[in-house]
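Observations on the model geometry
If you want the building blocks of each chain, they are given just below.
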Amino acid sequence: MNAIDPGPIWPVEAHPSGGRWTLVLQRDLPHPPAKVWAALTEPGQLAQWAPYLADRDLGSTGGATLTMIDGESAEDLPATVQRAEPPHLLVYTWGEDLLRWELTPTASGTRLVLRHTMADRAWLPKVAAGWHLCLVVAGRLLDGNPAPPIRGNEAKNHGWVELDEAYGRELGISGDETV
């Protein structure tokens, strides 16, 4: 597979959140919220861009299993869709993490804001780099020009290391912090 050009980093913030940390990553997409919502919730579309496979449509509340993929290995993680308000708000757990996807209509499409809450501050730039690559692939899918998903260690072939360093600088988190 040819390397994907990830482009520059996107607007990003990090906030303490009850003993945990929330990464806030923002991306504007030239597609209506309903189309972006489908990419975030439908298992067939998730399989084409997300770091996991979903065992069901995430567009309704309740339990689910999200299977993290890394090469030949797969790890099932429990998930619970806590809120599903199509096509604007999707909130679910993924293992110990909490993901909140907010979709706001704009003049040119949708502003997507991901709030990913996790335990360890040192992981924030790594997670930002991973979501960045996944969302580049999702954007290609939405544009009708799909690329294979980038998951796990394969991300290092697509600029993940550089993105990790750039997001670390932006968030004030050095690569020396323990993960």
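Here, every reference points to the structure presented above.
Quick summary incoming for the structure in this document. Small disclaimer: the values here were computed from a predicted structure and weren't measured.

1. Here's the deal with the side chain of Glu102
With respect to the element layout, Glu102 can be found in strand 7 (residues 97–106). On the basis of relative accessible area, Glu102 is assigned to the buried category, the value being 17%. A distance of 2.8 Å separates the side chain of Glu102 from the side chain of Arg115, its partner in a polar contact.

2. Quick look at empty space enclosed by the protein
Summed over the entire model, instances satisfying the criterion amount to one cavity of 30 Å³ or more. Considering only enclosed or pocket space, the largest cavity measures out at about 40 Å³ in volume. In terms of lining residues, the largest cavity is bounded by Leu29, Val36, Ala39, Leu40, Trp49, Leu112, Leu135, Ala138 and Leu142. Each residue belonging to the lining of the largest cavity can be placed in one class, and the counts come to nine nonpolar, no polar and no charged.

3. Topic: the sheet that holds strand 8 (residues 109–118)
Read from one edge of the open sheet, eight strands run 1-2-8-7-6-5-4-3, paired in antiparallel fashion. Where the open sheet ends on each side, the last strands, each with one partner, are strand 1 (12–17) and strand 3 (52–54). Across this sheet, the average inter-strand angle for adjacent strands is 25°, counted without regard to direction. In the sheet, strand 4 (residues 62–70) pairs with strand 5 (residues 73–85) via nine bridges, with the strands oriented antiparallel. Its bridge partner being in strand 5, Asp70 is matched across the sheet by Ser73. Where helix 3 (residues 124–143) meets the sheet, it contacts strand 1, strand 2 (20–29), strand 3, strand 6 (89–94), strand 7 and strand 8, and its direction lies at approximately 25° from that of strand 2. Along the sheet, helix 4 (residues 160–171) contacts strand 1 and strand 2; its crossing angle with strand 1, the most-contacted strand, is approximately 60°.

4. Brief notes about the pattern of salt bridges
Across all of its chains, the model carries five salt bridges by this definition. Asp28 is the salt-bridge partner of Arg111, the closest N and O atoms lying 2.7 Å from each other. You can see Arg111 sitting in strand 8 and its partner Asp28 sitting in strand 2, a full 83 residues away along the chain. For Arg111, a relative accessible area of 32% puts it in the partly exposed group. A salt bridge links Glu102 to Arg100; the nearest nitrogen and oxygen atoms lie 2.6 Å apart.

5. With respect to the nonpolar core
If you look at the biggest cluster of nonpolar residues, it comprises 52 residues, and the most contacted ones within it are Trp49, Tyr92, Trp101 and Trp131. The leading source of residues in this core is helix 3, at 13 residues. Beyond its immediate stretch of four places on either side in the chain, Tyr92 contacts Tyr52, Leu58, Leu66, Thr80, Val81, Gln82, Asp97, Leu98, Leu99 and Trp101.

6. Some details on the environment of Ala50
Checked against the element boundaries, Ala50 lands in the loop between helix 2 (43–46) and strand 3. Ala50 sits in the buried class, given a relative accessible area of 0%. When the C-alpha positions of Ala50 and Ile69 are compared, they lie 9.2 Å apart, and in sequence the two are 19 residues distant.

Calculation notes
Residues numbered from 1 in each chain as written. Predicted model: local features only at pLDDT ≥ 70, side-chain atom pairs only at ≥ 80, totals over all residues. Heavy atoms only, no water. Helix = DSSP H or I, 4+ residues; strand = E, 2+ residues; numbered from the N terminus. Buried < 20%, exposed > 50% of the residue type's maximum accessible area, 1.4 Å probe, protein only. Polar contact = N/O pair within 3.5 Å; in protein donor to acceptor, adjacent residues only side chain to side chain. 1 Å grid on protein atoms, 1.4 Å probe; cavity = no way out; pocket = protein on both sides within 12 Å on 5 of 7 lines; lining within 4 Å. Points joined across faces, edges and corners; volume = space filled by probe spheres on them. Nonpolar A, V, L, I, M, F, W, Y, C, P; charged D, E, K, R; others polar. Pairing = 2+ DSSP bridges. Axes fitted to C-alpha atoms, helices over the stretch in contact; angles between N-to-C directions. Contact = heavy atoms within 4.5 Å. Salt bridge = Lys/Arg side-chain N within 4 Å of Asp/Glu carboxyl O. Core = buried A, V, L, I, M, F, W, Y, C linked by side-chain atoms within 4.5 Å.

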